Structure formats: C-alpha cells, structure tokens
Amino acid sequence: MSMAPLQLEKLLDEKKIAARVKEMGAEITKLCKKEDLIAVCILKGSFMFYSDLIRSIDADVRTDFLGCSSYGNATKSSGEVKLTLDLTHGIQGKNVLLVEDIVDTGLTMDFITKTLQARNPKRLITASLLFKPKALKVDFKPDYVGFEVGNEFVVGYGLDYQGYYRNLPYIAQVTSMQ
Ligand code: IMP
C-alpha cells in the first residue's frame, strides 16, 4: 500500500545543499588539520548528507554508523531515545565527528553526545545539516550547522515522513498533513 501524498513546498534545492555541504566539509578539513577522524553517520536520516559531507573532507577519515531512533512514525519527538545499532569500533582517544540530519528538540544529540563522551574520545565534534533553534528543549547546539530552519516539518535528502521521501534530492517543507 502506498501512502497518501503530502503537499510539499521546496525549501532548499540540490544546488544550495551541495554548496553548503562543500563549505562545511572545507571547515571540518581545516579543523582536523590532517589528523585521523572517525566520521559517524547517525542512521537513518543522515545517510545522504553523510555521504556527501565525507567526500568534501580532505583528511584521513574512517567511517562508522550509529543507529538511533526517537520518533517511531509520529512527527513529534517522544523524548525517548534508544540506540538501535552501536559503533563497530572503539573511540577512546580518537577524533570523532558526529553527523546528524536535523536537530529539533536536541534530545537525540544530547543523548548521543553524552553516551559517546563517556567513552573518552580525544575530541567530539557535531555537524547537523539542519537546526531548528526554536524547537530546542535542551542546551545543545551543533558545532557545524548547514541551515537553520523554523519549526515546520521537512522531508527529503534523507529525512522522512513515515519512512517515505528520503530519496527526494532536495529538502521540502510539508505544507499539509492529514
Ligand atoms: P530531536 O531529538 O527532537 O532533536 O530529533 C531528532 C530526530 O528527529 C532527527 O534525527 C530526525 O530523525 C527527526 N526529525 C526532527 N524533525 C524532523 C523533520 O522536520 N523532518 C523529519 N525528521 C525530523
């Protein structure tokens, strides 16, 4: 069964996203000064941003993946965060870059950064493609932000609504939801 289509309005097109992701990659390259970096993709929403971002980082990057779920099928944060897949490698004494799609209430990244800090990395830096500053419920701000957005629900470029729309090459705002 397919889902009823939502009304979407394009918010950020492919060109704009690609240009900003390149800039972020260049900034992160400067920061790591050729040191080793473990880039962590926070599944599932950041897979597309992650694959573009790491190709813009000119350093010795190793990849790892962290599964996290906080939303189920709803569009509001439950506040409950759980790890669904842990990292394959230890991060003690390493430079770690956490790559997230969007920071909304901040609860997910607050939980993940606390969990990973307890493993004593050398340095933990965070990059999020999107940031909803008005929705923030905890004191968390990513070190690198692609774009600040309002409280509207967005899909595309990895972000989903009930599992759909992740394959849209651009980011759209949902203008009506049944
Ligand atoms: P937070 O814990 O409230 O910061 O939410 C983070 C997670 O909620 C993100 O990783 C997304 O998976 C999801 N999320 C928050 N806002 C949106 C949105 O506008 N569209 C799609 N997913 C969202």
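Refer to the preceding data block for the structure.
Below: a short report on this structure. Along each chain, residue indices are assigned from 1 in the same order as the chain's sequence is written. Per-residue local features of the predicted model are confined to residues with pLDDT of at least 70, and side-chain atom pairs are confined, for both listing and counting, to 80 or more; whole-chain, interface and lining totals are unaffected and use all residues. For side-chain calculations, the full set of non-hydrogen atoms in the structure is used, while hydrogens and water are omitted.

### A few points about the overall build of the chain
For step 1, the next point in the chain: A run of H or I in DSSP counts as a helix once it spans at least four residues, and a run of E counts as a strand once it spans at least two, with each numbered from the N terminus. Helix and strand counts for the chain stand at three helices and nine strands.
For step 2, the next point in the chain: Order of helices (α) and strands (β) in the chain, N terminus to C terminus: β-α-β-α-β-β-β-α-β-β-β-β.
For step 3, the next point in the chain: When we talk radius of gyration, it's over C-alpha atoms, and the globule rule is simply 2.2 Å times the number of residues to the 0.38. At 16 Å, the chain has a C-alpha radius of gyration in line with the 16 Å of a compact globule built from 178 residues.
For step 4, the next point in the chain: The principal-axis extents of the C-alpha atoms in the chain amount to approximately 50 × 35 × 30 Å.
For step 5, the next point in the chain: When the 178 residues of the chain are sorted by exposure, 48% land in the buried category.
For step 6, the next point in the chain: We call two residues contacting when some pair of their heavy atoms lies within 4.5 Å. Once local pairs closer than 6 in sequence are excluded, the contacts in the chain between residues at least 24 apart make up 68%.
For step 7, the next point in the chain: Charge centroids of the chain, computed over 23 positive and 22 negative side chains, lie 1 Å from each other. Type-normalised accessible area, obtained with a 1.4 Å probe on protein chains alone, sets the label of each residue: buried when under 20%, exposed when over 50%, and partly exposed for intermediate values. Within this scheme the basic residues Lys and Arg register as positive and the acidic residues Asp and Glu register as negative, but His and the chain ends are omitted. Taken as the charge location is NZ of Lys, CZ of Arg, CG of Asp or CD of Glu.

### Remarks on the sheet that holds strand S7 (residues 144-148)
Where strands meet in a sheet, backbone hydrogen bonds hold them as pairs that are either parallel or antiparallel.
For step 1, the next point in the chain: At least two DSSP bridges between two strands are needed for those strands to be called paired. One open sheet holds the six strands; their spatial order is S4-S3-S2-S5-S6-S7, and the pairing between them is mixed. Looking at the sheet topology across the chains shown, the edges are occupied by strand S4 (82-85) and S7. Strand-to-strand twist of the sheet, defined as the mean angle between neighbouring strand axes without regard to direction, takes the value 25°.
For step 2, the next point in the chain: When strand S3 (residues 61-69) meets S4, the two strands line up antiparallel, connected through three bridges. Considered in S4, the bridge of Gly67 is made with Leu85.
For step 3, the next point in the chain: The axes used here are C-alpha line fits, helices contributing only the stretch in contact, and every angle between their N-to-C directions lies in the interval 0 to 180 degrees. Against the sheet, helix H1 (residues 14-32) touches strand S2 (37-43), strand S5 (95-103), strand S6 (123-131) and S7, its axis set at about 160° to S7.

### Topic: the pattern of salt bridges
For step 1, the next point in the chain: By salt bridge we mean one thing: a side-chain nitrogen of Lys or Arg within 4 Å of a carboxyl oxygen of Asp or Glu. Counting across every chain of the model gives eight salt bridges.
For step 2, the next point in the chain: With a closest N to O distance of 2.9 Å, Lys122 and Glu35 form a salt bridge. Here the residue Lys122 occupies a position in the loop between helix H3 (107-117) and S6, and Glu35 occupies one in the loop between H1 and S2, the gap between them amounting to 87 residues.
For step 3, the next point in the chain: Each of the salt bridges in this network shares a partner with another, and the network as a whole consists of Arg20, Glu23 and Glu27.

### Concerning the side chain of Thr113
For step 1, the next point in the chain: With respect to the secondary-structure elements, Thr113 resides in helix H3.
For step 2, the next point in the chain: Within the structure, Thr113 has its side chain in polar contact with the backbone oxygen of Asp110 (distance 3.2 Å).
For step 3, the next point in the chain: Other than its neighbours up to four places away in sequence, Thr113 contacts Leu98, Leu124, Thr126 and Phe140. Between N or O atoms, a polar contact is any pair within 3.5 Å; within protein, one atom must be a potential hydrogen donor and the other a potential acceptor, and residues adjacent in sequence are included only when both atoms are from side chains.

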